[in-house]
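Single-letter residue listing:
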Amino acid sequence: MKAEHKKRETGCPVAFGLDTFGDRWSLLIIREIMLRGKRTYSEFLEADEAIATNILIARLKHLEAEGIIKKSRDPENRRSFIYALTAKGRDLAPIMLEIILWSGEYDDRPFAMKDIRDKIRHDRAGFEADLRAGKH
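In this convention, every chain numbers its residues from 1, walking through the sequence in written order. In keeping with the model being predicted, local features are shown solely for residues with a pLDDT of at least 70 and side-chain atom pairs are shown and tallied solely at 80 or more, while totals for entire chains, interfaces and linings include all residues. Heavy atoms from the whole structure form the basis of all side-chain values; hydrogens and water molecules are not counted.

Points about the overall build of the protein chain
Worth spelling out the cut-off: Working definition: helices are DSSP H or I runs of at least four residues, strands are E runs of at least two. Numbering for both runs from the N terminus. Taken over C-alpha atoms, the radius of gyration is set against a globule rule of 2.2 Å times the number of residues to the power 0.38. Per-residue accessibility, obtained with a 1.4 Å probe over protein chains only, is compared with the maximum for each type, and a residue is labelled buried under 20%, exposed over 50%, and partly exposed between these values. Residue contacts are defined here by distance: any two heavy atoms, one from each residue, within 4.5 Å place the two residues in contact. Note that accessible areas follow from Shrake-Rupley with a 1.4 Å probe, and for residues the cover is restricted to the protein chains shown. Within this scheme the basic residues Lys and Arg register as positive and the acidic residues Asp and Glu register as negative, but His and the chain ends are omitted. Taken as the charge centre is NZ of Lys, CZ of Arg, CG of Asp or CD of Glu, depending on the residue.
A tally of helices and strands in the protein chain yields 9 helices and 2 strands. Ordered by position from N to C terminus, the α and β elements of the protein chain give α-α-α-α-α-β-β-α-α-α-α. For 136 residues, the compact-globule formula gives about 14 Å, and the C-alpha radius of gyration of the protein chain, at 16 Å, lands near that figure. With the principal axes as the frame, the protein chain shows a C-alpha extent of 45 × 40 × 30 Å. Burial analysis of the protein chain (136 residues in total) assigns 35% to the buried set. Contacts in the protein chain between residues far apart in sequence, at least 24 positions, make up 48% of those at least 6 positions apart. Carbon and sulfur atoms make up 54% of the accessible area of the protein chain, which amounts to about 8,700 Å² in all. Taking the average place of the 26 positive charges on the side chains of the protein chain and the average place of its 23 negative ones, the gap between the two points comes to 5 Å.

Here you go:
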């Protein structure tokens, strides 16, 4: 635990955010839960970015330790776990929306989340409220 505090000793909010949720894989896991409704380890492995199993395990543990996600037993398969965003995790909704809008503006490759970008542009407040409520 002391190593975590050492990373954050500058008090910089950007460094805190990056230490908490800011690596590529953590943000993609958050995206999978928040925007695509994924909930299980095997569903995360199916993501287009092809996350390695060891990285997925490490990122899930990190996000759980940071209070971004919570893990519970799957009631239908007691050997499996279900992952969900906590309130702290759902509060990342505005950041995820900004990343989507920013990327839509500057990424010249085919844009994979046009439907979500259009929803944000049409009713950002409503879409964000739904994400924070866990409705997507």
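Considering the pairing of strand β1 (residues 69-74)
Inclusion rule: Any two strands with at least two DSSP bridges between them are considered paired.
One ladder, built from 6 bridges, connects β1 with strand β2 (residues 77-85); its direction is antiparallel. Looking at the pairing, Lys71 lines up with Tyr83 of β2. Where β1 hands over to β2, the hairpin turn is made up of 2 residues, counted between the paired strands.

What to know about the packing of helix α3 (residues 24-36) against helix α7 (residues 93-106)
For the record, the criterion: Whenever a helix is involved, its axis is fitted only over the stretch in contact; in every case the axis is a line through C-alpha atoms, and angles between N-to-C directions fall within 0 to 180 degrees. Oblique is the label for any angle not under 35 degrees, not over 145, and not in the 65 to 115 range, which are roughly parallel, roughly antiparallel and roughly perpendicular in turn. Under the convention adopted here, Pro, Cys and the residues Ala, Val, Leu, Ile, Met, Phe, Trp and Tyr are nonpolar, Asp, Glu, Lys and Arg are charged, and Gly plus all remaining residues are polar.
In the contact formed by α3 and α7, the axes pass within 11 Å of each other and the chain directions differ by 105°. What the angle tells us is that α3 and α7 run roughly perpendicular. Along its contact with α3, which presents Leu27, Ile30, Arg31, Met34 and Leu35, the element α7 presents Ala93, Met96, Ile99 and Ile100. In terms of residue class, the contact of α3 with α7 is built from 8 nonpolar, no polar and 1 charged.

Some points on helix α8 (residues 114-122)
To be explicit about the condition: Working note: the arc is built from the helix axis to C-beta atom directions.
Where α8 is concerned, the buried positions are Ile116, Arg117 and Ile120. Buried positions in α8, seen along its axis, are confined to an arc of 100° and lie on one side of it. Opposite the packed face of α8, turned more than 90 degrees from it, sit the exposed residues Arg121 and His122. Tucked inside the fold, the buried residues of α8 contact α3, α7 and α9 (124-132).

Focus: the side chain of Asp74
Within the fold, Asp74 resides in strand β1. Beyond its immediate sequence surroundings of up to four residues, Asp74 is in contact with Ser80, Phe81 and Ile82.

Describing the packing of aromatic side chains
Formally: Between 30 and 60 degrees the pair is tilted, below 30 it is stacked and above 60 it is edge-to-face, where a pair is any two Phe, Tyr or Trp rings, Trp via its six-membered ring, whose centres lie within 6.5 Å. Cation placement over rings: the criterion is NZ of Lys or CZ of Arg within 6 Å of the ring centroid and within 35° of the ring normal.
Under the criterion given, the structure shown has 2 aromatic pairs. The aromatic ring of Trp25 is capped on one face by Arg24, whose charged end is 4.9 Å from the ring centroid. Lys71 extends its terminal NZ or CZ atom over the ring of Phe81, reaching a point 4.4 Å from the ring centre.

Some details on the nonpolar core
Rule in force here: Only buried residues count toward a nonpolar core. Its members are Ala, Val, Leu, Ile, Met, Phe, Trp, Tyr and Cys residues joined through side-chain atoms within 4.5 Å.
In terms of nonpolar packing, the biggest core is built from 29 residues, with Ile29, Ile30, Met34, Leu35 and Ile69 touching the most fellow members. Contributing elements (two or more residues each) for this core: α3, α5 (53-65), β2, α7, α8 and α9. With 8 residues, α3 is the largest single contributor of residues to this core.

Looking at the side chain of Lys38
In this fold, Lys38 is placed in the loop between α3 and α4 (41-45). Its relative accessible area of 18% is what places Lys38 among the buried residues. Excluding anything up to four places from it in sequence, Lys38 contacts Glu32, Ile33, Glu43, Phe44 and Tyr83.

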